[in-house]
Number of protein chains: 2
Amino acid sequence: MHMIPVETDIMAANQHWADDNREAFIRHDVYTVNLMSAPGAGKTSVLEKTIEGLREDYRLGVIEGDLVTTIDADRIAALGVPAYQITTGTICHLEARMVHNAIHKFGIEDLDVLFIENVGNLVCPAEFVLGEDLKIMVYSTVEGAEKPKKYPLMFHEAEAVILNKIDLLPYSGVSLEELTRNVREVNPYAPIFPVSCRTGEGLPNWIGWLRAQISGEKGRRKLRSAVGA
Amino acid sequence: MHMIPVETDIMAANQHWADDNREAFIRHDVYTVNLMSAPGAGKTSVLEKTIEGLREDYRLGVIEGDLVTTIDADRIAALGVPAYQITTGTICHLEARMVHNAIHKFGIEDLDVLFIENVGNLVCPAEFVLGEDLKIMVYSTVEGAEKPKKYPLMFHEAEAVILNKIDLLPYSGVSLEELTRNVREVNPYAPIFPVSCRTGEGLPNWIGWLRAQISGEKGRRKLRSAVGA
């Protein structure tokens, strides 16, 4: 959409709603993951696989962000996981206020982990915090090795980068080594998970790491709550 | 970016600059093509192939839109074609005013055909006219068959849809038939060109069609100018 002088106000308002969400997530002990990517990178596929890997141990919920249609929420609901669709109309990212409205319709008190699948866009979603615990970026290796240089903000903001569709690497002419190097240039620290949702390769690494983040944070919350902090 | 009440003013201002660009393009008889797509769909690759196909007959120029970096402009300049890079910072689309500034630095009077490669984004570029003759959308078939439903505006606005990376279809599990059907649902009329920039398949169809558009419009302009219209 449009870059305008009132941006500071918009960002301040977004932060306010994000803080409110965060408070609710902590109060109900919901661990929240914001999934961002360009269109077609495979966020929903990664989410399906991640749900399979976690559903035995956690009560999961999903908020889907899209311009129109409930295709993604339908895919998640088909797995028997509660899914709420936010349709943004023409807005190319989720804002904290939209998530705020959604969680009040959703019943987050019955969840352990909430996934928020953002609108497919490599630019704007990275600018809007939602109150989440974790920002994850899914990138399709087929999109080329140079994109971290061209869209640095999302690669920089991500706390883990999932490089999807590695089964297509032999046919796409993209070098995983070069891509990884370019991710590292804008984000030296985040773990990088090369995966294929088609073959399953690499997914256990990602899901194992995510499990550790969830249980670590939930443990810290319990501790803080026990000492009254 | 941000959906805000002053949108109408922004769109009106954009239309004003677009009209101004259009007037300049017609005055100098420059045929202008606006290339839009998600990040990594292959706009620059399609452009390189299209340049190869047209450069014997037309004087070409390219305006590149990106958030940061001159990677794409450098690729075009390497072909010996004049290229001007617009870096938008955080703005996720080109606006007519940016193109207006660029064409005045560029010397469009020496061009027959100008390509404008928009910022990689499947949402916002479709909302901003630039004064172009033709809006083209490049879509990577690897991104999935359902995207025309989820991002209908750009598919709807495009006057031709290039379905790129068809060499990866056998490995990606995406059905070209289903994708084509979904494009047709939001855009019944635009020609659809399945192509592969890696193998060259389909590119002659696209380039042949584009040639016909260019010579047709240039013919009409000559006629109008001859009758003083």
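Look up: the structure comes first, before these words.
1. What to know about the relation of the copies chain B and chain A
Moving on, step 1. When chain B is fitted to chain A, the best match, at an RMSD of 0.0 Å, comes from turning it 180° and sliding it 0.0 Å along the axis. Here the transformation between the copies is reduced to the relation of a two-fold axis.

2. Section: the pattern of salt bridges
Moving on, step 1. Enumeration according to the criterion identifies 34 salt bridges over all chains in this entry.
Moving on, step 2. Residue B:Arg224 pairs with B:Glu217 through a salt bridge whose shortest N-O separation is 3.5 Å.
Moving on, step 3. The network of salt bridges with common partners includes A:Arg22, A:Asp29, A:Asp133, A:Glu217, A:Lys218, A:Arg220, A:Arg221 and A:Arg224.

3. A word on the sheet that holds strand β1 (residues 31–36) of chain A
All names here are of chain A.
Moving on, step 1. If you trace the 7 strands from one edge of the open sheet to the other, you get β3-β2-β4-β1-β5-β6-β7, paired in parallel fashion. Edge positions in the open sheet fall to β3 (83–87) and β7 (192–194), since each of these has one partner strand only. For this sheet, the mean inter-axis angle between neighbouring strands, taken without regard to orientation, is 20°.
Moving on, step 2. Sheet topology note: the strand β6 (residues 160–164)/β7 ladder contains 3 bridges and is parallel.

4. Section: the pairing of strand β5 (residues 134–140) of chain A
Residue and element names in this part refer to chain A.
Moving on, step 1. Most of β5 is tucked away: 7 of the 7 residues are buried.
Moving on, step 2. Residues Leu134, Ile136, Val138 and Ser140 point to one face of β5 and Lys135, Met137 and Tyr139 to the other, with burial holding for every one of them.
Moving on, step 3. Both β1 and β5 contribute to a ladder of 4 bridges, which runs parallel. The residue of β5 that forms the bridge with Val33 is Leu134.
Moving on, step 4. Relative to β6, β5 runs parallel, the two being bridged by 5 bridges. Paired with Ile136 across the bridge in β6 is Ala160.

5. Focus: helix α4 (residues 96–106) of chain B
Along an α-helix, residues three or four positions apart point the same way, because every turn accommodates 3.6 residues.
Moving on, step 1. Taken together, the buried positions of α4(B) are B:Ala96, B:Met98, B:Val99, B:His100, B:Ala102, B:Ile103 and B:Phe106.
Moving on, step 2. B:Gly107 sits one or two residues past α4(B) and shows a positive phi near 75°.

6. Concerning the packing of aromatic side chains
Moving on, step 1. Evaluated as defined, the whole model comprises 9 aromatic pairs over all chains.
Moving on, step 2. Counting every residue linked through ring pairs, the aromatic cluster contains A:Phe193, A:Trp206 and A:Trp209.

7. Overview of the sheet that holds strand β3 (residues 83–87) of chain B
All names here are of chain B.
Moving on, step 1. The 7 strands lie next to each other as β3-β2-β4-β1-β5-β6-β7, forming an open sheet whose pairing is parallel. Strand pairing shows two members of the sheet lacking a second neighbour, β3 and β7 (192–194), which therefore form its edges. Between one strand axis and the next, the sheet turns through 20° on average, direction left out of account.
Moving on, step 2. Lying over the sheet, helix α2 (residues 43–54) contacts β1 (31–36), β2 (60–66), β4 (113–117), β5 (134–140) and β6 (160–164), oriented at roughly 170° with respect to β4.
Moving on, step 3. Across the sheet, helix α9 (residues 203–226) is in contact with β1, β4, β5, β6 and β7; its angle to β1 comes to roughly 140°.

8. What about the packing of α2(B) against α9(B)?
Residue and element names in this part refer to chain B.
Moving on, step 1. Where α2 meets α9, the axes come as close as 10 Å, and the angle between the chain directions of the two elements is 60°. The element α2 and its partner α9 pack so that their crossing is right-handed. Here Val46, Lys49, Thr50, Gly53 and Leu54 of α2 come into contact with α9, specifically with Leu203, Trp206, Ile207, Leu210, Arg211 and Ile214.

9. Points about the side chain of B:Asn121
Moving on, step 1. Tracing the chain through its elements places B:Asn121 in the loop between β4 and β5.
Moving on, step 2. In this structure, B:Asn121 is in contact with A:Asn121, B:Ser37, B:Ala38, B:Pro39, B:Cys92 and B:Met154, ignoring residues within four places of it in sequence.

10. A few points about the interface of chain B and chain A
Moving on, step 1. On the side of chain A, 44 residues touch chain B, which itself brings 44 residues to the contact.
Moving on, step 2. The interface formed by chain B and chain A holds 4 salt bridges in total.
Moving on, step 3. One salt bridge connects B:Lys150 with A:Asp66, and the closest N-O pair in it is separated by 3.8 Å.
Moving on, step 4. Those elements that place two or more of their residues in the side of chain B that touches chain A are α1 (7–27), α3 (71–77), α5 (147–150) and α7 (169–172) of chain B.
Moving on, step 5. Each residue belonging to the side of chain B that touches chain A can be placed in one class, and the counts come to 23 nonpolar, 9 polar and 12 charged.

11. Comments concerning the nonpolar core
Moving on, step 1. Judged by nonpolar contacts, the single largest core of 49 residues is most densely connected at A:Met137 and B:Met137.
Moving on, step 2. Going through the elements one at a time, β5, α6 (152–157), β6 and α8 (176–186) of chain A together with β5, α6 (152–157), β6 and α8 (176–186) of chain B are the ones with two or more residues in this core.
Moving on, step 3. In terms of residue count, the dominant contributor to this core is α8(B) (3 residues).
Moving on, step 4. Grouped together as the second largest cluster of nonpolar side chains are 29 residues, A:Val81, A:Ile136, A:Val138 and A:Ile214 included.

How each quantity is defined
Residues numbered from 1 in each chain as written. Chains lettered and ligands numbered in written order. Predicted model: local features only at pLDDT ≥ 70, side-chain atom pairs only at ≥ 80, totals over all residues. Heavy atoms only, no water. Least-squares fit on C-alpha atoms with pLDDT ≥ 70 in both. Salt bridge = Lys/Arg side-chain N within 4 Å of Asp/Glu carboxyl O. Pairing = 2+ DSSP bridges. Helix = DSSP H or I, 4+ residues; strand = E, 2+ residues; numbered from the N terminus. Axes fitted to C-alpha atoms, helices over the stretch in contact; angles between N-to-C directions. Buried < 20%, exposed > 50% of the residue type's maximum accessible area, 1.4 Å probe, protein only. Phe/Tyr/Trp six-rings, centres within 6.5 Å; stacked < 30°, edge-to-face > 60°. Contact = heavy atoms within 4.5 Å. Left-handed = near helix turned anticlockwise from the far one by under 90°. Nonpolar A, V, L, I, M, F, W, Y, C, P; charged D, E, K, R; others polar. Core = buried A, V, L, I, M, F, W, Y, C linked by side-chain atoms within 4.5 Å.

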